Amino acid sequence: MSFWENFFGSVALITTIIGITPQIYKAFKTKSTQDISMVMLFNCFVCALSWLVHGILTKSVFVVWSNAASLIIAVISILQKRYYDRAKKICNN
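Here the residue numbering is sequential within each chain, running from 1 through the sequence in written order. Two thresholds apply to this predicted model, a pLDDT of at least 70 for residue-level local features and 80 or more for giving and counting side-chain atom pairs, whereas whole-chain, interface and lining totals are computed over all residues. Side-chain measures here rest on the full set of heavy atoms in the structure, leaving out hydrogens and waters.

## Details of a nonpolar patch on the surface
Then, number 1: Patches here are clusters of residues that have more than 30% relative accessible area and form no salt bridge, with a 9 Å joining cutoff for like charges and a 5 Å cutoff for nonpolar side chains (Val, Leu, Ile, Met, Phe, Trp, Tyr). Each accessible area is a Shrake-Rupley estimate made with a 1.4 Å probe; only the visible protein chains count as cover when residues are assessed. Definition used for salt bridges: Asp or Glu carboxyl oxygen within 4 Å of a side-chain nitrogen of Lys or Arg. Together, Phe3, Trp4, Phe7, Phe8 and Val11 make up a nonpolar patch on the protein surface, roughly 550 Å² of accessible area in all.
Then, number 2: Tracing the sequence through the fold places Val11 in helix H1 (residues 3-30). Only DSSP runs of H or I reaching four residues or more are called helices, and only runs of E reaching two or more are called strands; each is numbered from the N terminus.

## Quick look at unusual backbone geometry
Then, number 1: Although it is not a glycine, Lys31 adopts a positive phi angle of roughly 55°.
Then, number 2: Residue position: Lys31 is located in the loop between H1 and helix H2 (38-58).

## Details of the confidence of the model for the protein
Then, number 1: The predictor attaches a confidence to each residue, and that confidence, scored 0 to 100, is pLDDT. Averaged over all residues, the pLDDT of the protein is 89; the fraction at 70 or higher stands at 99%.
Then, number 2: At the level of individual helices and strands, the protein shows its lowest average pLDDT in H1, which scores 86, and its highest in H2, which scores 94.

## Quick notes on the packing of aromatic side chains
Then, number 1: Only Phe, Tyr and Trp rings are paired, with Trp represented by its six-membered ring, and only when their centres lie within 6.5 Å; those with planes under 30 degrees apart are stacked, over 60 edge-to-face, the remainder tilted. Under the definition given, this model contains 7 aromatic pairs.
Then, number 2: A ring pair is formed by Trp4 and Phe7, whose centres lie 5.7 Å apart and whose planes are at 85°; its orientation type is edge-to-face. With Trp4 and Phe7 both in helix H1 and 3 residues apart, the pair spans about one turn of that helix.
Then, number 3: Classification of residues uses two cut-offs on accessible area relative to the type maximum, computed with a 1.4 Å probe and protein chains only: under 20% is buried, over 50% is exposed, and between them is partly exposed. We classify Trp4 as exposed; its relative accessible area is 52%.

## Topic: the side chain of Ser77
Then, number 1: With respect to the secondary-structure elements, Ser77 resides in helix H3 (residues 61-92).
Then, number 2: Whether two residues are in contact is decided by their heavy atoms, any of which lying within 4.5 Å being enough. Setting aside chain neighbours within four positions, we find Ser77 in contact with Ile20, Ile24 and Leu41.

Okay, structure coming up:
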């Protein structure tokens, strides 16, 4: 791999992880996800899954790793959304 492929692959991996990780932290601290759209989270999941499969098929290491990270982050976000929204409904009843 060339320097530029490694450089931009690394940038993609780092920014992917940085992109939504603060939202996971904020949701954990506030125990609230009501301002987050489940449609957006599901879209992130499908996008990451599609790119992951593409990366596997094309044998692109950085595409695989950055989208594996995105997929994990999307799953955590979806689980947080389901848990905190359900907890809020129970508390309001």
